[in-house]
Amino acid sequence: MKIQYLKPMKQALRYFFKFLLILLSPALFYLVMVLIGSLIPVNSNPETKNSKIDIYLYKQDMHTDILLPVKSDIIQWDRIFKPKHTLSNPQNSEFIGFGWGDLNFYRNTPQWEDLKLDVAFKALFLRSQSALHTRFYQKIPTSKNLVKISVSEDQYKKLSEYILETVKAENKQEILPISGLHYYRNDAFYSAETSFNLFKTCNTWTNSALKAAGLKACLWTPFPQGIFFQYRD
């Protein structure tokens, strides 16, 4: 009698584990892709000759920003992304930070503890408007999650072109901010091109910017760890 009861139980468990495997397979496949993409370096030996411009990678929680000098011989960012677009209209800022993401996510998730399941789902799986986030800095923040990179004028020019293409500002002297959206008194948001998704996150954007500039990056990553792994030295 015991054997008769055990057979259906074993069969039920077998079906359960098969169902569980099918359910988890996409997530496991995604994580394997993340691991492989993060470990494969791109531009592992970038050109270092005449690297006179200092830029920074800045990680905050699961998001990365690129911090650039406000003024240089290549571009003056405050002529395009104007300080008056912020709440405080800061003057004489030394650096400006750039980050990209889903506009609806930005609107509803100022802090990670504000994250809601429906907002995350829409950002990852549904096509929606993206945004470029800018923030002025009087000086570079003090943080252990900061990486300094010295770049050449050519690399900086390519990086600048990538950022401008994000908001289609290549031929514009000024672009208009998204009204009423701020995290801080010194920041602003701008409507951007392309859509945020599971395979193109804020960190994918940063990683792609580094690749476009000929700087060290990884093959692909949706997370900041893949980028910072390439700068672990």
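Preceding this paragraph is the structure being described.
Since the model is a prediction, treat every value here as computed from it, not as a measurement. (Residues numbered from 1 in each chain as written. Predicted model: local features only at pLDDT ≥ 70, side-chain atom pairs only at ≥ 80, totals over all residues. Heavy atoms only, no water.)

Some thoughts on the pairing of strand β2 (residues 53–60)
Argument step 1. Across the eight residues of β2, six count as buried, placing the element largely inside the fold.
Argument step 2. Here five bridges tie β2 to strand β3 (residues 63–69), and the two strands are oriented antiparallel to one another. Looking across to β3, one finds that leucine 57 is bridged to isoleucine 66.
Argument step 3. Between β2 and the antiparallel strand that follows it, β3, lie two residues; aspartate 61 among them carries a positive phi value of about 55 degrees. (Buried < 20%, exposed > 50% of the residue type's maximum accessible area, 1.4 Å probe, protein only. Helix = DSSP H or I, 4+ residues; strand = E, 2+ residues; numbered from the N terminus. Pairing = 2+ DSSP bridges.)

Concerning a nonpolar patch on the surface
Argument step 1. Together, Leu28, Leu31, Met62, Trp112, Leu115 and Phe223 make up an exposed nonpolar region whose accessible area comes to about 510 Å².
Argument step 2. Following the sequence through the fold, leucine 28 ends up in helix α1 (residues 2–39).
Argument step 3. Owing to a relative accessible area of 46%, leucine 28 belongs among the partly exposed residues under this scheme. (Patch = residues over 30% accessible without salt bridge, like charges linked within 9 Å, V, L, I, M, F, W, Y side chains within 5 Å. Areas by Shrake-Rupley, 256 points an atom, 1.4 Å probe, with all protein chains shown as cover. Salt bridge = Lys/Arg side-chain N within 4 Å of Asp/Glu carboxyl O.)

Structural notes on the environment of leucine 219
Argument step 1. Structurally, leucine 219 can be placed in the loop between β8 (217–218) and α6 (224–229).
Argument step 2. By relative accessible area, which is 42% here, leucine 219 ends up partly exposed.
Argument step 3. Measuring from C-alpha to C-alpha, the distance between leucine 219 and leucine 39 comes to 7.7 Å, with 180 residues separating the pair along the chain.
Argument step 4. Not counting residues within four places of it along the chain, the set of residues in contact with leucine 219 comprises Gly37, Ile40, Val42, Asn207 and Lys211. (Contact = heavy atoms within 4.5 Å.)

Thoughts on helix α5 (residues 202–212)
Argument step 1. The buried fraction of α5 amounts to eight of the 11 residues, a majority that puts the element mostly inside the structure.
Argument step 2. The complete set of buried residues in α5 reads Cys202, Asn203, Thr204, Trp205, Thr206, Asn207, Ala209 and Leu210.
Argument step 3. Immediately downstream of α5, the backbone of glycine 214 shows phi near 80 degrees, a positive value.

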